[in-house]
Amino acid sequence: MAKQYSPSVVEKSWYAWWESSGYFGADSGSTKPAFVIVLPPPNVTGALHIGHALTVAIEDAMIRWRRMSGYNALWVPGVDHAGIATQVVVEKKLMHERKLTRHDIGREKFVSEVLKWKEQYGGTILNQLRRLGASLDWSREAFTMDEQRSKAVTEAFVRLHKEGLIYRDYRLVNWDCTLLTAISDIEVNHIELKEEKMLKIPGYTAHVQFGVLISFAYPLEGLGEIVVATTRIETMLGDTAIAVHPEDKRYKHLHGRYAVHPFNGRRLKIICDAELVDPTFGTGAVKITPAHDPNDFEVGKRHNLEFTNIFTDDGKINSNGGAQFEGMPRFTARVAVIEALKAKGLYKDTKKNEMKLGVCSRTNDVVEPMIRPQWFVNCNTMAKVGLDAVRSKKIEIIPQQYEQDWYRWLENIRDWCVSRQLWWGHRVPAWYVTLEDDQVTDLGSNNDRWIVARNECDANLEAQKKYPGKKLQLNQDPDVLDTWFSSGLFPLTVLGWPDDTADLRAFYPTSVLETGLDILFFWVARMVMMGMQLGGDVPFKKVYLHPIVRDAHGRKMSKSLGNVIDPLEVINGISLNDLLKRLEKSNLDPDELNIAKEATMKDYPDGIAECGTDALRFALISYTSQSDRINLDIKRVVGYRQWCNKLWNAIRFAMGKLGDHYTPPATVDVSLMPPICKWILSVLNKAIGKTVTSLEAYKFSDATSAIYSWWQYQLCDVFIEAIKPYFFNESQESESARAASRDTLWVCLDAGLHLLHPFMPYVTEELWQRLPQPKDSCRNDSIMVSEYPSPVEEWTNDKLENEMDIVLDAVNKLRSLKPPTETNERRPAFALCQGQQIVDTIQCYQSLIVSLSSVSHLKILTENDETPADCATAVVNKDLSVYLQLQGALNAEAEREKLSKKRDEIQKLHHALTQKMDAFGYREKAPRSVQQEDMRKLTALLEQLEVISEAEKKLDAKTGNN
């Protein structure tokens, strides 16, 4: 074995061997119980970030543990075509390389360019997944736009339409004027503005003003004026009416009268009986109340009074907005409208206004609310089924606190806009019928003319039935489906739906969905709704939501802050210079680049050290106790990289002590072992039990904590140190202890590596392969297909563990008494024991205490013995105090301060306990057993105070203080 652990060497070749050996595959015909996870499909053109690494670490830990525990474990890989993200990337590439837009080359050639890009760069993610050790069943790899998945998406759309759950209508949608498409809520970021702010908006050279409320007047027909206010002054060009609060007495008399639009001459009816029902973007739709029925408005119906689409798709003012502004970009018009209002004497004032500004996460353009014809999914009935699934525990959400978010989302669900005006994605399977004698032939001008079908041939047959004898033409809707529509079907489609496949029968519903808490609604809820509607059952039985990874300062990771962490840079290591070079190649503007560089130099002055996959995975999982966010500090990952070296050295030590010809026994007899061997097996049992129960409860950080604590603080720090004297002393009388130590050491290392394997797959495989195996054992070729440890009843020894707790506490106290300048000096120690039981315990482990605390010898004192002078003192418990003789090295002031702190600590505990016992009703209500235990604690605290007082007296006598 190499003297030092090297992650790059260890992680070089194991994955290819695992994959070629078929260890990742699952069998749909197996009689083993199934455990199934579908990997949340990352975007095909992207690269995995640290959040993906967390997903992989958690899911692979679950899969490897279940596989080792006898399950038919299936982990399905897949990637998402990521409609908007991919189209944006390829459009940028076209413009950068050939100065062309997608419209210049046409739809067919553009889709061909995207497919080329996918083939060229789509493999990046798959390679990263392999590098992270993900034991995915690659034979079932899926892509949301491959043939099988595309067929399923079409089938789902057709079925939902036939069931009346998909329809086409005019609705208000989020519109991106740069992408020229509707976008989903999840693609809209909301910027909180507390006051006026000038922002850089794509397509505009000057910064644009936001965070203000602008007041202006509408002239009334013969009655003066009415003042209104808006955060979007340019939208006033499309105003069709003025809605006034029904209880505002100032304007009650204006009902039914008209204001005159200053720019297009339109008459704006004033409505005083209106209820705001959709305050989107601060304005929105109103419902006319029955009190009045003005012309042009229908009682009880929603009317969008401001949004009349005065913008063209690319955000310019159209002819409805007034001739002087036509063709003007919307935010240029913002300034122009204010100037024009001022010229007419209608501008009043501008005040700061707190607001949320919606911007597209892809383009940073301000999202425009637009009324557009779109395809929608009616979610009402499906949402109710999804609510019932969680309420009835058919689906369990972990952590449970997120159930409330689930109820809040689904109880207030809106219909889902599933069409996108993109070229990359699943084409909407709908054809528009144009008849020969139609006066208006615009695509979609008649909503009743749409035919939804699996293909054009089926659509044509249906059109002929619907319009017999008519000459007609079919044109497919150019829109594509929202990416969430196809990913919402993913648990079904990766298993072969809509076909009745063996995989679907064996593996649906899946076992658990593990993903980030930020897409609980956008993805998880949609999978549940569509899975139950189309698949007849929940898509998964449990949902585990992991925290969102942030930087060490708690900031969201973003390219503009320069704090995005690439998992491969942590695995391989990277210099500060290369980190800065990566930033320079990004699309950051000069100001953002400077901020990002400064942050990078501050956080990584020496770059990032090579940590390896195992350390990164273990660190990420250990962080999951932070329920909603992980503030990732790379130093913690480096710490686990150093811990891997500790494991490496433990095996190197073992290999030297076991010898070349050692053969482990098939079983071990604990009754014949020294106490230290019995103890390590007992605490190993506890670690196994804690790890398994934590994994079963999805408390992954508790599992890593149990494993780490056992390996570090019990195996390496205590057991290995404790057995070293048996091997230094080759005497015959210690042969049985040596033999027992060898066997126990092998058992511990074998079980410990198995326990750790799901979290650190590479180093555990490497080290396990080096361990000797029992003779005639049916040994598996790899640790990953070996059996996961389970507790051995006869190893449990609570009495011994309690004794060792006292012993190790005494050792730690003695170590703490040593002057920090003394590293190798061994000094005499004393143990003051109150009672025969503690005397027996300390006598039994006397040599172990001497060895672990590095003292020259340990003398046992009883209550009648005089405690020695020149000693530093520490209280272990009420029955035991330890002393370290520091002749010539005793710092009286430091010792006195330490004793004083300990006295204060004990007095606080004593005060709190006394208050509890003196409280009203304590003696009447507290159980007798509780009162007895409290009295025992009180007595123990008083005894500890006596020990401190005695030590202080000796110190005073030594220094001459009275």
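Heads up: the structure comes first, above all this text.
Residues numbered from 1 in each chain as written. Predicted model: local features only at pLDDT ≥ 70, side-chain atom pairs only at ≥ 80, totals over all residues. Heavy atoms only, no water.

Caption draft 1: View of helix α16 (residues 520-534). In a regular helix each residue adds 1.5 Å, so 15 residues correspond to 21 Å; α16 covers 20 Å between its end C-alpha atoms and thus fits that length. Where burial is concerned, most of α16 is hidden: 14 out of the 15 residues are buried. Phi turns positive, to about 80°, at Gly536, one or two residues after α16. (Helix = DSSP H or I, 4+ residues; strand = E, 2+ residues; numbered from the N terminus. Expected span 1.5 Å × (residues − 1). Buried < 20%, exposed > 50% of the residue type's maximum accessible area, 1.4 Å probe, protein only.)

Caption draft 2: View of the sheet that holds strand β20 (residues 368-377). With respect to topology, four strands assemble into an open sheet ordered β6-β5-β20-β22, the strand pairing being antiparallel. Where the open sheet ends on each side, the last strands, each with one partner, are β6 (181-183) and β22 (416-417). Taken together, the 10 bridges between strand β5 (residues 166-176) and β20 define a ladder with antiparallel strand orientation. Residue pairing across strands places Tyr170 opposite Pro373, the latter belonging to β20. (Pairing = 2+ DSSP bridges.)

Caption draft 3: Just the sheet that holds strand β25 (residues 450-452), in detail. Pairing within the open sheet is antiparallel, and its three strands lie in the order β25-β24-β26. Every interior strand has two partners, whereas the edge strands, β25 and β26 (472-476), have only one. Sheet twist, expressed as the average angle between the axes of neighbouring strands with direction ignored, equals 30°. For strand β24 (residues 430-435) and β26, the ladder comprises five bridges, and the chain directions are antiparallel. The residue bridging Thr434 from the neighbouring strand is Gln473, located in β26. Of the strands in this sheet, β24, β25 and β26 are in contact with helix α12 (residues 456-466), which crosses β26 at around 145°. (Axes fitted to C-alpha atoms, helices over the stretch in contact; angles between N-to-C directions. Contact = heavy atoms within 4.5 Å.)

Caption draft 4: Inspection of the nonpolar core at higher detail. Ranked by internal contacts, the top residues of the largest apolar core, which has 155 residues, are Leu129, Leu632, Ile676, Leu681 and Trp711. Top contributing element to this core by residue count: helix α23 (residues 700-728), with 13 residues. In this structure, Trp711 is in contact with Trp643, Leu647, Ala650, Cys716, Leu749, Gly752, Leu753 and Leu756, ignoring residues within four places of it in sequence. Counting 67 residues, the second largest nonpolar core, distinct from the first, contains Leu74, Val494, Leu513 and Leu517. (Core = buried A, V, L, I, M, F, W, Y, C linked by side-chain atoms within 4.5 Å.)

Caption draft 5: Highlighting the environment of Tyr218. Along the chain, the position of Tyr218 falls in strand β10 (residues 212-220). Only 2.5 Å separates the side chain of Tyr218 from the side chain of Asp239, close enough to count as a polar contact. (Polar contact = N/O pair within 3.5 Å; in protein donor to acceptor, adjacent residues only side chain to side chain.)

Caption draft 6: Highlighting the pairing of strand β29 (residues 540-546). Judged by how many residues are buried, β29 sits mostly within the fold: five of seven residues are covered. Bridge count between strand β21 (residues 396-398) and β29: three bridges; the pairing is parallel. Each bridged residue has a counterpart across the sheet, and for Ile397 the counterpart in β29 is Val543. Bridging between strand β28 (residues 510-516) and β29 involves six bridges; their strand directions are parallel. Directly across from Glu514, in β29, lies its bridge partner Tyr544.

Caption draft 7: Spotlight on the packing of aromatic side chains. Under the counting rule described, the total for this entry stands at 31 aromatic pairs. Each ring, one from Tyr15 and one from Trp18, has its centre 6.3 Å from the other, and the planes form 70°; the classification is edge-to-face. Taken together, the residues span about one helical turn, with Tyr15 and Trp18 both in helix α2 (residues 14-20) at a distance of three residues. The class for Tyr15 is buried, based on a relative accessible area of 7%. By relative accessible area, Trp18 is classed as buried at 0%. Each ring, one from Tyr544 and one from Phe700, has its centre 5.0 Å from the other, and the planes form 85°; the classification is edge-to-face. Here Phe700 lies in helix α23 and Tyr544 lies in strand β29, a separation of 156 residues in the sequence. (Phe/Tyr/Trp six-rings, centres within 6.5 Å; stacked < 30°, edge-to-face > 60°.)

Caption draft 8: Up close: the environment of Leu115. Tracing the backbone shows Leu115 in helix α6 (residues 107-121). By relative accessible area, which is 40% here, Leu115 ends up partly exposed. For the pair Leu115 and Trp424, spaced 309 residues apart in sequence, the C-alpha to C-alpha distance is 9.4 Å.

Caption draft 9: Quick peek at α6. Over its 15 residues, α6 runs 21 Å from end to end, which matches the ideal 21 Å to within 8%, given 1.5 Å per residue. Of the positions making up α6, those classed as buried are Phe110, Glu113, Val114, Trp117 and Lys118. Looking straight down α6, one finds its buried side chains confined to an arc of 140°; they lie on one side. Residues of α6 that are exposed and point over 90 degrees away from its buried face: Glu108, Lys109, Lys116, Glu119 and Gln120. The inward-facing, buried residues of α6 contact α4 (83-98), α5 (102-105), α7 (123-131) and β4 (142-143). (Arc of directions from axis to C-beta.)

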